[in-house]
Number of protein chains: 2
Amino acid sequence: MEINRDLELVKKYQKEIILINQTIGLLEWDQQTYMPKEGAKARAEQHAFLGSLSHEKIISDELFSAIERLKKIELSGDDRIMIERVYRDASKARKLPKKFIEELSKTASLSFNAWQDAKKEKDFELFKPHLEKIIGLKKKEAKFIRLEGHPYNSLLDSFEEGMTSEELKPKFEELKKELINLLRKIEESETYKSQKRVLTKKEFPREYQMHFVKDVSKRIGLGEDYSRVDFAEHPFMVRIGTNDLRITTNIKDDPFFSFGSSIHESGHALYELNLPIEHEFNFLCDASSYGLHESQSKFWENMIGLSESFWKYYFEKFNSKFELENNFDKWLNEVNFVFPGKIRVEADEVHYCLHVILRFEIELDLIEGTIEVKDLPQIWNEKMQEYFGVIPENDSEGVMQDVHWSQGTFGYFPTYAIGTIYATQLFEALRKEFPEIEKDIEIGDYSKIKEWLRENIHKHGRKFTSEDIIKNVCNEGLNPGVYIKYLNDKYSKIYHLK
Amino acid sequence: MEINRDLELVKKYQKEIILINQTIGLLEWDQQTYMPKEGAKARAEQHAFLGSLSHEKIISDELFSAIERLKKIELSGDDRIMIERVYRDASKARKLPKKFIEELSKTASLSFNAWQDAKKEKDFELFKPHLEKIIGLKKKEAKFIRLEGHPYNSLLDSFEEGMTSEELKPKFEELKKELINLLRKIEESETYKSQKRVLTKKEFPREYQMHFVKDVSKRIGLGEDYSRVDFAEHPFMVRIGTNDLRITTNIKDDPFFSFGSSIHESGHALYELNLPIEHEFNFLCDASSYGLHESQSKFWENMIGLSESFWKYYFEKFNSKFELENNFDKWLNEVNFVFPGKIRVEADEVHYCLHVILRFEIELDLIEGTIEVKDLPQIWNEKMQEYFGVIPENDSEGVMQDVHWSQGTFGYFPTYAIGTIYATQLFEALRKEFPEIEKDIEIGDYSKIKEWLRENIHKHGRKFTSEDIIKNVCNEGLNPGVYIKYLNDKYSKIYHLK
């Protein structure tokens, strides 16, 4: 009797928290898409109120006592895992004092504004004192959470449950070395030295771009009855509710921006669409980690969307609308153009993880306290010189390019690289099961792929850690070697390396 | 000290309730505009959760004790009125048992679905048992609320604070008699007998319609930094937050539908935009009543938007886009075309209040219990025959045309007529102060009008009852005579009556 009452109570809390968070999702989506400019002040109030309501619920004593009672009892399969997850989230949230959360939230809000101004003015000095305060608070947070090992683990864990810097550091080190090796080889090739963008410099009318964005999104599995595409400054994906997925895009000159980023966001959305419906309103109906989420977007963006077989289907269609001189090979090379840009979100496949690793290294040192905020621009630029061979012209295209730090988001960046690596591991596992899968991709048929992802990744929700999910499909955990081999094979061909 | 603590607490409650209700506003707006179809189920859950949260807050014992303590104390001006308003809302909400609210909400939800099906199938029998249940519950609600006089007063009061059926009944009786008199005269005129729609039967491209919708909305005062226009099946207005007003429109063949309904919704929005910002997050920052709200939309829709001076400014613009044969008089007559339609929302100015009175009479009898649901179609059609001289072909264009009853909204309809009457009273008062105001309207300059409405209506928020606000500007309360005189003058001219 009492077990049932406790279970019902714990489920009720989860449902309320989920409903609040979905509503917050709508507040955010609306703010990025349709909200009139002057609505921002009221929106901040609505957001803050619902945020604190959600937090109050997860740290509630009533909830925690019920969880503690249930933990002592032998529960059946999914209930047991669900209680573990809620216990994990609740006990972690309860470690942070209310006063601390308020201070962090206020500091982050001011810091975000300062970052916007500083970025606009290209003046790191405006941002510096805020970032110093933020880092002070994040160090404090790590002390409150107090997971084993490096203090950074306590931050990383919020995005990649169970992952540690001890595991990541050597793997990223290896990845960095190999990426730089490959890049130096590419840069020395004749193909690289003579490469020029031609086709992607043409005019690409907005309505055609949107036509392809919607077409590919639908093909990946996002029908208009349960999803939509809107415009926003930055592309993102948000699940407002079961069967209500929203992605955004932005039309730029290069048609591959909206197309590629929409493939990426559609990959995220497909994951959310296939989460286990039987757990609709409890914490198991969630992604297992940010890294696994990113593996889904990168799977579609890189492994599918940048592949030769994918373009065998889409090139003709692009060609007929955009007059690409009927030159398939040139187009494919331009889509996979390697170039040492300074901006992470515009990076090609080979450079991308280097951007991430650079940030990871700096984050570790900042949390350890071995470097200081005042030295960041210099440290950033030195690393850029070393890894990329280029130096940002100013801090706005350097250390201040990303929003993350201004909002106190430390420990997020590594998940971009983790997801990128997982994506290649998953594609390899898929190809083992379906050696001729490229033939499907060539005719734009992704049904086998979608079913395979659903069965092997999506349907598990948050029942297992992402590492366990990956091990179950790939027979090994995070392995940068697979990614390195994939890049070496692919770009040796494109750049005619020896 | 304790007073301050109580005041702060009562303000905190109001702010939270307002933030929740604004968020509910966004959930509803999104559902009507952009939400993918399959998102409906999750949306219902989000809506129900926030609705019950808002209700929990207004009936909270903690809030009520603080109000009761504050009521005993001599507070300064606005605080005193604010406490009265919160006391009123809270004590009324507390009269309804939680179980009753849940039953009403569940019944209304099922009833709404049944109404949708029944309307589609044109089969009143499908809706009948649900409506019977709803009316049973509304009678119960009237007993719980228990205001003086007719039980209907307890329902009416939720929409028109302080108004009673005892006051409305004779006024509506007089209005009905006069409207029918005027209609019979119009119908006997030669102009009426030979009238034909010609200009409004032309083609009106969608983009031009939207151009005019946005133009007039902006002219009424809704700049794009704090408002927007979107498409929805039914036009409506919602304030999502301070400086965040949303109106919707729907493009139909008759260009006057989107244009006129957008003028109407802009009138609502302008009211909300000008509510007293110093009370942003308490109950004084609200409309005084639904009737007064409607007076603002009807003011712009009827008194401005259907006037000769208004069209002196807009006709040329319409003419240039829609090729109206340069025939100003014909266009003006078509815009004010009198015709006994069966649908309330499509009614002309002369028929409109008759639709409302018909519903008011039926509501009174239903709540009194002197008529039964099973007889409604017959009663409806008899009244239509008597007042309009036409009979609906089926119940979907008759008794089932409006959504209100299916959702348990009894007491709302009269506010449409109240607002329509107030609008003419306000226009008369405006003209007393600015006898040459038509000259401004002729050049599309509404600045004096907007300022006058702000000073006399909007800025009061909910500090006074709507009747007091109207008395203060017009030197008398609700007076259908002003409306009757306005219609007689205007339509005698249009239809050349003796």
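These numbers were taken from a predicted model, which means no experiment stands behind them.

A. How the structure looks around the overall build of chain A. Within chain A one finds 21 helices and three strands. On C-alpha atoms alone, chain A measures out to a radius of gyration of 23 Å, which is about the 23 Å that the 2.2 N^0.38 rule sets for 498 residues. Oriented by its inertia axes, the alpha-carbon framework of chain A measures out at about 70 × 50 × 50 Å. Every one of the 498 residues in chain A was classed for burial, and the buried ones make up 58%. In chain A, once contacts between residues fewer than 6 apart in sequence are set aside, the share between residues at least 24 apart is 73%. For chain A, the accessible surface area stands at approximately 21700 Å², while carbon and sulfur atoms represent 48% of it. Considering chain A, the positive charge centre built from 73 side chains and the negative charge centre built from 88 side chains are found 1 Å apart.

B. Broad picture of the packing of helix H15 (residues 349-368) of chain A against helix H16 (residues 376-388) of chain A. All names here are of chain A. Orientation of H15 relative to H16, taken along the N-to-C sense of each, is 145°, at an axis distance of 11 Å. As H15 runs across H16, the sense of the crossing is right-handed. Facing His 351, Leu 354, His 355, Leu 358, Arg 359, Glu 361, Ile 362 and Leu 366 of H15, the residues of H16 in contact are Leu 376, Ile 379, Trp 380, Lys 383, Met 384, Tyr 387 and Phe 388. Here the residues of the contact of H15 with H16 are counted per class, giving 10 nonpolar, two polar and three charged.

C. Spatial organisation of the packing of aromatic side chains. If you walk through the whole model with that rule in mind, you get 84 aromatic pairs over all chains. A network of ring pairs unites the aromatic residues Phe 204, Tyr 208, Phe 212, Phe 256, Phe 259, Phe 310, Trp 311, Tyr 313, Tyr 314, Phe 318, Phe 322 and Trp 331 of chain A as a single cluster. Positioned above the aromatic ring of Tyr 87 of chain B, the side-chain terminus of Lys 71 of chain B is 4.1 Å from the ring centre. The positively charged end of Arg 197 of chain B is found above the aromatic ring belonging to Phe 339 of chain B, 6.0 Å away from the centroid.

D. Highlighting the relation of the copies chain A and chain B. Overlaying chain A on chain B yields an RMSD of 0.0 Å, the required transformation being a rotation through 180° with an accompanying axial translation of 0.0 Å. Classification of the inter-copy transformation places it as that of a two-fold axis. Interface overlap between copies is the fraction of interface residues in one copy that are interface residues in the other; for chain A against chain B it reaches 100%, indicating a shared surface.

E. How the structure looks around the sheet that holds strand E2 (residues 237-241) of chain B. All names here are of chain B. Strand order in the open sheet made by the three strands is E1-E3-E2, with mixed pairing throughout. Each having just a single partner strand, strand E1 (227-231) and E2 make up the two edges of the open sheet. Strand-to-strand, the axes of this sheet are offset by a mean angle of 25°, without reference to chain direction. Set on the sheet, helix H11 (residues 255-273) makes contact with E2 and strand E3 (244-249); between it and E3 the angle comes to about 165°.

What counts as what
Residues numbered from 1 in each chain as written. Chains lettered and ligands numbered in written order. Predicted model: local features only at pLDDT ≥ 70, side-chain atom pairs only at ≥ 80, totals over all residues. Heavy atoms only, no water. Helix = DSSP H or I, 4+ residues; strand = E, 2+ residues; numbered from the N terminus. Rg over C-alpha atoms; globule rule 2.2 N^0.38 Å. Buried < 20%, exposed > 50% of the residue type's maximum accessible area, 1.4 Å probe, protein only. Contact = heavy atoms within 4.5 Å. Areas by Shrake-Rupley, 256 points an atom, 1.4 Å probe, with all protein chains shown as cover. Lys, Arg positive; Asp, Glu negative; His and termini not counted. Charge placed at Lys NZ, Arg CZ, Asp CG, Glu CD. Axes fitted to C-alpha atoms, helices over the stretch in contact; angles between N-to-C directions. Left-handed = near helix turned anticlockwise from the far one by under 90°. Nonpolar A, V, L, I, M, F, W, Y, C, P; charged D, E, K, R; others polar. Phe/Tyr/Trp six-rings, centres within 6.5 Å; stacked < 30°, edge-to-face > 60°. Lys NZ or Arg CZ within 6 Å of the ring centre and 35° of its normal. Least-squares fit on C-alpha atoms with pLDDT ≥ 70 in both. Pairing = 2+ DSSP bridges.

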